[in-house]
Amino acid sequence: MLKFLNQVGNYTKEAVQAAKYIGQGLSVTFDHMRRRPVTVQYPYEKLIPSERFRGRIHFEFDKCISCEVCVRVCPINLPVVDWTFIKESKKKQLKHYSIDFGVCIFCGNCVEYCPTNCLSMTEEYELAAYDRHELNFDNVALGRLPYKVTDDPMVTPLREFAYLPKGVDSPHDLPANARRAGKRPEEILEEMEK
Ligand code: SF4
Ligand code: SF4
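Everything numeric in this text was worked out from a predicted model, so none of it was measured. (Residues numbered from 1 in each chain as written. Chains lettered and ligands numbered in written order. Predicted model: local features only at pLDDT ≥ 70, side-chain atom pairs only at ≥ 80, totals over all residues. Heavy atoms only, no water.)

Chemist: Even after reading the chapter, I still don't get the site of ligand 1, so can you show me in this structure?
Modeler: In the region of ligand 1, the neighbouring residues are Ile57, Cys74, Pro75, Leu78, Pro79, Cys104, Ile105, Phe106, Cys107, Gly108, Asn109 and Cys110. Grouping the amino acids of the shell around ligand 1 by side-chain chemistry returns 10 nonpolar, 2 polar and no charged. (Near = heavy atom within 4 Å. Nonpolar A, V, L, I, M, F, W, Y, C, P; charged D, E, K, R; others polar.)

Chemist: Sorry if this is basic, but what is going on with the site of ligand 2 here?
Modeler: Around ligand 2, the structure places 14 residues, and the nearest of them are Cys64, Cys67, Glu68, Cys70 and Cys114. Looking at side-chain class alone, the shell around ligand 2 contains 11 nonpolar, 2 polar and 1 charged residues.

Chemist: How do you make sense of the pattern of salt bridges when you look at a structure like this?
Modeler: Two side chains that carry opposite charge are able to pair once their charged atoms sit near each other. Taken as a whole and assessed by the stated rule, the structure comprises 11 salt bridges. In this structure, Arg35 engages Asp31 in a salt bridge whose closest nitrogen and oxygen atoms are separated by 3.0 Å. A residue is classified by how much of its surface remains accessible, and Arg35, at 47% relative accessible area, is partly exposed. Take Asp31: its relative accessible area is 25%, and that puts it in the partly exposed class. (Salt bridge = Lys/Arg side-chain N within 4 Å of Asp/Glu carboxyl O. Buried < 20%, exposed > 50% of the residue type's maximum accessible area, 1.4 Å probe, protein only.)

Chemist: Looking at this structure, I do not really get a nonpolar patch on the surface. What am I missing?
Modeler: Side chains of Met1, Phe4, Leu5 and Val8 sit close together on the surface and give an oily, nonpolar patch of about 460 Å² of accessible area. Note that Val8 resides in helix H1 (residues 2–33). (Patch = residues over 30% accessible without salt bridge, like charges linked within 9 Å, V, L, I, M, F, W, Y side chains within 5 Å. Areas by Shrake-Rupley, 256 points an atom, 1.4 Å probe, with all protein chains shown as cover. Helix = DSSP H or I, 4+ residues; strand = E, 2+ residues; numbered from the N terminus.)

Chemist: I'm lost on the nonpolar core in this one. Help?
Modeler: Here is a general trend for soluble globular proteins: nonpolar side chains tend to be buried in one another's company. Formed by 23 residues in total, the largest nonpolar core has its most connected members in Ile57, Phe59, Tyr97, Ile99, Phe101 and Leu119. Of all the secondary structure elements, the ones that give two or more residues to this core are strand S2 (57–59), helix H2 (69–73), strand S4 (91–100), helix H3 (109–113) and helix H4 (139–142). In terms of residue count, S4 provides more of this core than any other element does, 3 residues in total. (Core = buried A, V, L, I, M, F, W, Y, C linked by side-chain atoms within 4.5 Å.)

Chemist: Would you explain the pairing of strand S3 (residues 80–86) in this entry?
Modeler: In the case of a regular strand, side chains alternate between the two sheet surfaces. With 7 bridges connecting them, S3 and S4 associate as antiparallel partners. The residue bridging Val80 from the neighbouring strand is Ser98, located in S4. With antiparallel pairing between neighbouring strands as the criterion, S3 and S4 make up a hairpin whose turn holds 4 residues, including Lys90 at a positive phi of roughly 55°. (Pairing = 2+ DSSP bridges.)

Chemist: Just checking my understanding: could you explain the side chain of Glu45 for this structure?
Modeler: Tracing the sequence through the fold places Glu45 in strand S1 (residues 45–47). Within polar-contact distance, the side chain of Glu45 engages the side chain of His172 at 3.3 Å. With near-sequence residues (within four places) excluded, Glu45 lies in contact with Thr39, Val40, Val155, Thr156, Leu158 and His172. (Polar contact = N/O pair within 3.5 Å; in protein donor to acceptor, adjacent residues only side chain to side chain. Contact = heavy atoms within 4.5 Å.)

Chemist: It is not clear to me how the packing of aromatic side chains should be interpreted in this structure. Could you clarify?
Modeler: Any aromatic ring pair is given by two values, namely how distant the centres are and how the planes are angled relative to each other. Overall, the coordinates contain 5 aromatic pairs when judged by the stated rule. Ring centres 5.9 Å apart and planes at 70° place the aromatic pair Phe53 and Tyr125 in the edge-to-face group. Here the residue Phe53 occupies a position in the loop between S1 and S2, and Tyr125 occupies one in the loop between strand S5 (119–121) and strand S6 (136–137), the gap between them amounting to 72 residues. On the basis of relative accessible area, Phe53 is assigned to the partly exposed category, the value being 29%. For Tyr125, a relative accessible area of 35% corresponds to the partly exposed category. Their ring planes at 90° and their centres at 6.3 Å tell us that Phe59 and Phe61 sit as a pair that is edge-to-face. (Phe/Tyr/Trp six-rings, centres within 6.5 Å; stacked < 30°, edge-to-face > 60°.)

Chemist: Explain the sheet that holds S4 here, please?
Modeler: What links the strands of a sheet is backbone hydrogen bonding, and the strands pair in either a parallel or an antiparallel sense. With antiparallel pairing, 3 strands are arranged side by side in an open sheet as S3-S4-S6. Pairing within the sheet leaves two strands with one partner each, and these edge strands are S3 and S6. Here S4 runs beside S6; their pairing, made up of 2 bridges, is antiparallel. Counterpart to Ile99 in the pairing with S6 is Phe137.

Right, dumping it as C-alpha cells:
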C-alpha cells in the first residue's frame, strides 16, 4: 500500500514539474512575440555588405597591362585575357577581357594580385540570371558601376552586426548618425597628442 502511495506521490510531483516547465516555456515563447522581429525584410530591406565584401568583380580596361597574373593566381585560371603583341611599340595590347561568374568562386585572388589595381571587388551580390551564359561578363559588363544598396530609393539599408554602435545588436530603428563601435586610429592619435 505504502509503495503504491509513494508511486502516486512521485507521479503527481513529476506531473506538476512537467506542467511548470511547459508553463515556463510558453511564457518565454509569448514574451518573444512582444519583441521586434530580427527579420531583414528583403527585398525592401537589405543589409549593407561589409567593406571587404567579395562581390562581383569590377574591371577597368584602360588600366590592364595584360600581364595575366590574374589568370595564374586564380584557382581555376578563370579570367580570359585576349591580347596581341604590337611589334612596333613592343607592348601588349588588350583586345578582350572576360570573367565567367557562373564558374568564379569569388575568392578575390585576382584582385589581390593585380599589379595595376584594375580589378576590384564590388558589393554586388545579386547576380541571378535565367541563362548561365549571361553570367559570362565581358570587359564592358565588368566595367559597369556596381549596384549600391545605399543608393536604391526602394530599399532601406541596414547595417551588419560589426557596424552597429557598442551595445546595440539590432540594425532596425538606428539613428542615421549612429557611429560604429570603437574609434578610428587617427582619433586615438589625436587624443594621445592632447
Ligand atoms: S575571384 Fe577567384 S575564382 Fe574568381 S576570377 Fe578571381 S581568382 Fe578566379
Ligand atoms: S592581373 Fe590585372 S593587369 Fe594583369 S592581366 Fe589581370 S587584370 Fe590585367
